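In case you want the letters, here they are:
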Amino acid sequence: MAKNSKKTFYITTPIYYVNDMPHIGHAYTTIIADALSRHKKLAGYDVFFLTGTDEHGQKIEKAAAQKGMTPIELADQVVIRFKNLWKTLNISYDYFIRTTQDFHEKGVQKIFLKLKEKEVIYKGVYKGWYCVSDENFLAEDIPEDSDGQKTCPDCGKKAGQVSEECYFFKLSAYQKKLLDFYTSHPSFVQPQSRMNEVVSFVRQGLKDLSITRTTVKWGIPVPDDPKHTIYVWFDALHNYLTGIGYDLNLASFEKFWPATVHLIGKDILRFHAIFWPAFLMAADFPLPETVYSHGWWLKDETKMSKSRGNVLDPHLILDVFGPDALRYFLLREIPIGLDGNFSHEGFLHRVNSDLANDLGNLAQRTLTMIQNFFGGKIEKIAKERDIDKQLRLAFVSVKNKVFRFYEAYAINRALEEIWGYINQVNKYLAENEPWKLANDESQKENLGRILYQAASALRGISFLIFPVMPESSQKIWDYLGESTPIEKESYATLKFDGFSLGKKIRKPKALFPRVKLKDFLAEEKSKTVQIPKEGHMDYITFDEFKKIDLRVGEIIKVEKVEGTRKLLKIDVNIGTETRQMVSGIADEYKPEDLVGKKLVVVINLKPAVIRGIESQAMLLAAEIDDKAIIPFFIEDVPAGAKVK
RNA sequence: GGCGGUGUAGCUCAGUAGGUUAGAGCAUGCGGCUCAUAUCCGCAGUGUCGGGGGUUCAAAUCCCUCCACCGCCA
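Here's a quick rundown of the structure. Keep in mind that what you see is a predicted model, and the values were worked out from it rather than measured.

So, how was this worked out
Residues numbered from 1 in each chain as written. Chains lettered and ligands numbered in written order. Predicted model: local features only at pLDDT ≥ 70, side-chain atom pairs only at ≥ 80, totals over all residues. Heavy atoms only, no water. Phe/Tyr/Trp six-rings, centres within 6.5 Å; stacked < 30°, edge-to-face > 60°. Helix = DSSP H or I, 4+ residues; strand = E, 2+ residues; numbered from the N terminus. Buried < 20%, exposed > 50% of the residue type's maximum accessible area, 1.4 Å probe, protein only. Salt bridge = Lys/Arg side-chain N within 4 Å of Asp/Glu carboxyl O. Patch = residues over 30% accessible without salt bridge, like charges linked within 9 Å, V, L, I, M, F, W, Y side chains within 5 Å. Areas by Shrake-Rupley, 256 points an atom, 1.4 Å probe, with all protein chains shown as cover. Pairing = 2+ DSSP bridges. Contact = heavy atoms within 4.5 Å. Axes fitted to C-alpha atoms, helices over the stretch in contact; angles between N-to-C directions. Parallel < 35°, antiparallel > 145°, perpendicular 65-115°, else oblique. Left-handed = near helix turned anticlockwise from the far one by under 90°. Near = heavy atom within 4 Å. Polar contact = N/O pair within 3.5 Å; in protein donor to acceptor, adjacent residues only side chain to side chain. Expected span 1.5 Å × (residues − 1).

1. Regarding the packing of aromatic side chains
Enumeration over the complete set of coordinates arrives at 40 aromatic pairs. A centroid spacing of 4.8 Å and a plane angle of 90° characterise the contact between Phe169 and Phe279, whose relative ring orientation is edge-to-face. With Phe169 in strand 6 (residues 160-169) and Phe279 in helix 10 (residues 269-282), the pair connects residues that are 110 residues apart, well separated along the chain. Judged by relative accessible area, which is 0%, Phe169 ranks as buried. On the basis of an interplanar angle of 10° and a centroid distance of 6.3 Å, the ring pair of Phe253 and Trp257 is categorised as stacked. Each of the two residues, Phe253 as well as Trp257, counts as buried.

Structure, rendered in structure tokens:
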């Protein structure tokens, strides 16, 4: 099979388990993968970026049953949420694989059979601790209690020891091969410290791995022995093969396999750095180049977890700031291998200072000056002086460094480098004071040179930030009068002087609005929702319900809240008076469609200040896949009527 | 308990083939500019480089030891 002459780059995220709603952790991994993909495309690689969902297993089976759904219905619902979030974040994946897809299941079965024929998979007896009430085997690594028994971590009841027939993968046979592989490929696991952990784990000896269950029905059946179900890891890991076409589109598969990098969270390192290469060795597939384990985002210094209830939902940030600020923050704040701390203060600080003050303001002042002093079009410029040349040469050097940092997955360093250059351009403007030359007609061409130089630098910057901030990058590009998508450029073609004279600059709008902390936090509070634990219903009494004053409201006036994507300021007549409220529904409803409509509003909710505006009431809406749907009255009801 | 890592300015961190007064960003203070999103530019600090000991003409950087925190394993 002849490989394409272009170099290929195949990057994967883990497939996300559909019993969980997408949160900042999922977003982080996927954003890293997206930025690296975009960089590699600009660098001329043929890129394949795979993400998707892991949909089998007992947890899904149970979660679905609790909700009165079938597993696939639950999966379908969660998949939409993931896809929506990726769309909002501008994730440019090439394929979204679901482990319930037919070709994936067939691919896994085929490999299973192959390994069984090679006797790398054999039938045996699994002894383990089983929790009767949860109908679940306990994870191997749960320690014994003092009495030699084990306790189920989910329900706290004592588990019993049972045996069942199952298939094993002969992992023990791969200990030496794996250690040899690690020695000959020392950068297989990144960062290095994780490689050390892997090696020391394998050195301690590997036990064969049970890879099927009879107690789980929701999964891929073992071929020719369907009472056994293939256990999730053997199923899930093979998505990296089936997702690029294994067994269905071999041309694509052979073009992209082996993967360049599997991006993972450190919790699943063992599966990717030990089990996965062993499976691949057994089936005679080449091994991936790198498994890159990234760190965690902590929330206010503590680990985010479902049980702590401090899992960060990215939607609030996205509503206020759009995707690029979040992408920038996550990639700029920490190197990929380390943990980071997410606080709203830190986020806002970074975004205001780097995006609004430095880059946003640079774009704004440059474009505005060209607009004001040249009517948007620079026609003639003076010869390049030394100081102008320095700015141009500095860009070349920055571009090379940024390229190398991106190549090394050091995205934070690349951004630091770019921001160093942004400061340099701001300094260049301060030193040359173009606003002073503007009063002197004889200085017109010198003025033109200075602004030309600044615009060229800005154009270069917009290219360099593209992997991290595709939307803002393209915006700046467009403002500078470019008419092509930025992806048409590459590191090879991008020139400092690419900004050509006579191009009409578009009138700019603030790229990254500054947001004040107290407004942001108020909005966060107003949006924080208590989600009842699955399977539990927190009842309230009728007396408690009566405390909520619900009224029919008539919408009088609606306007957009400046500087936000989603917020509308709505004046609503509640019979006795008109109240204003702020609501994040601009994606779903246009202001003109709302006026005159009647709906239900809460009028005794403590007012909150959102983006500087006091919200004195709240409307009711269904939240469906993060879209708000408002129930309106069809009948003609008087404003102010009580609703109960 | 075993293996690995980290501890440097108020905060986040950079800095090891040992070498002149230990750096950056943010935060703080002062000054300048007004094209720009109260933005931008300049200047100014501050540190027993976790503690102790050692090697060396010279150590944040090498060695020993102790303390604290983190990760993996048991």
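After that view, the rundown keeps rolling.
2. Comments concerning the pattern of salt bridges
What the rule picks out here adds up to 28 salt bridges. Glu384 serves as the salt-bridge partner of Arg392, at 2.8 Å between the closest nitrogen and oxygen. Since its relative accessible area comes to 25%, Glu384 is described here as partly exposed. Across the pair Lys569 and Asp571 runs a salt bridge whose closest N-O atoms are separated by 3.8 Å. Judged by relative accessible area, Asp571 falls into the buried class, the value being 16%. A network of salt bridges, in which partner residues are shared, links Lys123, Glu165, Asp225 and Lys227.

3. Here we look at a nonpolar patch on the surface
A contiguous nonpolar patch, built from Leu605, Met618 and Leu620 and spanning about 230 Å² of accessible area, is present on the exposed surface. Tracing the backbone shows Leu605 in the loop between strand 20 (598-602) and strand 21 (608-610). The partly exposed category is assigned to Leu605, whose relative accessible area is 42%.

4. Observations regarding the sheet that holds strand 13 (residues 290-294)
Spatial strand order, 3-2-1-12-13-7: 6 strands in an open sheet with parallel pairing. At either margin of the open sheet sits one strand with a lone partner, and together these are strand 3 (95-98) and strand 7 (189-190). The pairing of strand 7 with strand 13 spans 2 bridges and is parallel. Bridge pairing in strand 13 places Val189 opposite Val291. Packed on one face of the sheet, helix 10 meets strand 7, strand 12 (261-265) and strand 13 and runs near 140° to strand 12.

5. A look at the sheet that holds strand 9 (residues 212-213)
As summarised here, the arrangement of the 3 strands in space is 9-11-10, forming an open sheet in which the pairing is antiparallel. Unpaired on one side and paired on the other, strand 9 and strand 10 (220-221) mark the two borders of the sheet.

6. Some words on the packing of helix 17 (residues 444-464) against helix 18 (residues 470-479)
It is at 8 Å that the axes of helix 17 and helix 18 come closest, and there the two elements cross at 155°. Regarding the angle of helix 17 to helix 18, the classification is roughly antiparallel. As helix 17 runs across helix 18, the sense of the crossing is left-handed. Of the residues in helix 18, those in contact with Leu458, Arg459 and Ser462 of helix 17 are Ser473, Ile476 and Trp477.

7. So, unusual backbone geometry
At the junction of Gln190 and Pro191, the peptide bond is cis and its omega measures out at -10° in the coordinates. Structurally, Pro191 is set in the loop between strand 7 and helix 6 (192-203). The step from Trp257 to Pro258 runs through a cis peptide bond, and the omega angle for that step is 5°. Structurally, Pro258 is set in the loop between helix 9 (250-256) and strand 12. For Glu119, which is not glycine, the phi dihedral falls at a positive 60°. Counting through the fold element by element, Glu119 comes out in the loop between helix 4 (102-117) and strand 4 (121-131).

8. A short note on helix 12 (residues 323-333)
With 10 of 11 residues buried, helix 12 lies mostly within the body of the structure. Among all positions of helix 12, only Pro323, Asp324, Ala325, Leu326, Arg327, Tyr328, Phe329, Leu330, Leu331 and Arg332 are buried.

9. Let's talk about the protein's contact with RNA strand B
Taken together, 25 residues sit near RNA strand B, with Gln204, Arg270, His349, Asn361 and Arg365 positioned nearest. Of everything in RNA strand B that lies within 4 Å of the protein, sugar and phosphate atoms constitute 76%. Here a sugar or linking oxygen of RNA strand B sits 3.4 Å away from a polar atom, N or O, in the main chain of Asn357. At 2.7 Å, a backbone N or O of Phe512 approaches a base nitrogen of RNA strand B.

10. Some details on helix 4
Between its terminal C-alpha atoms helix 4 stretches 23 Å, which fits the 22 Å expected from 16 residues at 1.5 Å a residue. Taken together, the buried positions of helix 4 are Phe103, His104, Gly107, Val108, Ile111, Phe112 and Leu115.

11. Structural notes on the pairing of strand 18 (residues 568-573)
For strand 18, a buried count of 6 out of 6 residues is recorded, marking the element as mostly surrounded by other parts of the structure. On strand 18, burial covers both faces: Leu568, Ile570 and Val572 on one face and Lys569, Asp571 and Asn573 on the other are all buried. Pairing analysis gives 6 bridges linking strand 17 (residues 550-560) to strand 18, with the strands arranged antiparallel. Bridging from a neighbouring strand, Lys557 pairs with Asp571 of strand 18. In sequence, strand 18 turns back onto strand 19 (residues 578-583) through a hairpin of 4 residues, with Gly575 there showing a positive phi of about 90°.

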